[in-house]
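Overview (structure and organization)
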Amino acid sequence: MQRFHTATVAILMLAGISAATPAGAAATFDGAWNVQIASSNSACGGGTTVSIGINNGQVASNNPLMTASGRVADAGNISVTLASGMKHAVGFGHLSSTSGSGTWRGALCSGTWTAQRI
């Protein structure tokens, strides 16, 4: 359960971003990504890996147990919100064309994330 919570928080971080993004620039980050979520707090679980997709700068998840939403800005700044039932988390960071990293925070846990394009 804690592992799922950590994954949910990480995806949330990656999914929500601020301003609108033109489709052409945001498409630079389009595709499937594996996101490794970690927390330094052992009560939050040891970490997990989740998959997200980006399409025209919009972040989404194909996982039926979790929703992901957010955007990637032209320069690669990303903001994500993840939700699973009553749990949710937000994350922020930066993507390059092949990888990314950032931080996430939920109600009781926080940590870091790294991502690789699949």
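Structure first, text after, so check above.
Worth saying up front: this structure is predicted, and the values here are computed from it rather than measured.

1. Some points on the environment of glycine 76
- When you line up the elements, glycine 76 lands in the loop between β4 (67-72) and β5 (77-84).
- When neighbours within four sequence positions are excluded, glycine 76 is seen to be in contact with Phe29, Gly93, His94 and Leu95.

2. Topic: the nonpolar core
- Ranked by internal contacts, the top residues of the largest apolar core, which has 21 residues, are Trp33, Val35, Ile54, Val72, Ile78, Leu95 and Trp113.
- Sorting the residues of this core by element identifies β1 (31-38), β2 (48-55), β4, β5, β6 (87-95) and β8 (110-117) as the ones contributing at least two each.

3. What to know about the environment of threonine 48
- For threonine 48, the position within the fold is in strand β2.
- As a C-alpha pair, threonine 48 and tryptophan 113 span 65 residues in sequence and 9.7 Å in three-dimensional space.

4. As for the sheet that holds β5
- Reading around the circumference, β1-β2-β3-β4-β5-β6-β7-β8 is the order of the eight strands in this closed barrel, with antiparallel pairing throughout. Direction aside, the axes of adjacent strands within the sheet are offset by 25 degrees on average.
- Where β2 meets strand β3 (residues 58-60), three bridges bridge the pair, whose relative direction is antiparallel. When the bridges of β3 are listed, glycine 53 appears paired with alanine 60.

5. Observations regarding the state of the cysteines
- In total, this model carries one disulfide according to the counting rule given.
- Note that cysteine 44 is cross-linked by a disulfide to cysteine 109, the S-S spacing being 1.8 Å. Taking the sign of the S-S torsion, about -90 degrees here, the bridge from cysteine 44 to cysteine 109 comes out left-handed. Placement of cysteine 44 in the loop between β1 and β2 and of cysteine 109 in the loop between β7 (99-106) and β8 is noted, with a sequence separation of 65 residues between them.
- The class of cysteine 44 is buried, set by a relative accessible area of 2%.
- When its relative accessible area of 8% is taken as the criterion, cysteine 109 is described as buried.

6. Remarks on the pairing of β6
- Relative to β6, β5 runs antiparallel, the two sharing eight bridges. From the neighbouring strand, alanine 83 faces β6, where its bridge partner is histidine 88.
- Here β5 hands over to β6 after two residues, with glycine 85 in that stretch at a positive phi of 60 degrees.
- The pairing of β6 with β7 spans seven bridges and is classified as antiparallel. Within β7, the position partnered with phenylalanine 92 by the bridge is threonine 103.
- What sits between β6 and β7 in their antiparallel hairpin is a turn of three residues.

7. Notes on the pairing of β2
- Residues Thr48, Val50, Ile52 and Ile54 of β2 are buried on one face, while the alternating residues Thr49, Ser51, Gly53 and Asn55, pointing to the opposite face, are not.
- Note: β1 against β2, seven bridges, orientation antiparallel. Its bridge partner lying in β2, isoleucine 37 is registered against threonine 48.
- In sequence, β2 turns back onto β3 through a hairpin of two residues, with asparagine 56 there showing a positive phi of about 50 degrees.

Calculation notes
- Residues numbered from 1 in each chain as written.
- Predicted model: local features only at pLDDT ≥ 70, side-chain atom pairs only at ≥ 80, totals over all residues.
- Heavy atoms only, no water.
- Helix = DSSP H or I, 4+ residues; strand = E, 2+ residues; numbered from the N terminus.
- Contact = heavy atoms within 4.5 Å.
- Core = buried A, V, L, I, M, F, W, Y, C linked by side-chain atoms within 4.5 Å.
- Buried < 20%, exposed > 50% of the residue type's maximum accessible area, 1.4 Å probe, protein only.
- Pairing = 2+ DSSP bridges.
- Axes fitted to C-alpha atoms, helices over the stretch in contact; angles between N-to-C directions.
- Disulfide = S-S within 2.5 Å.

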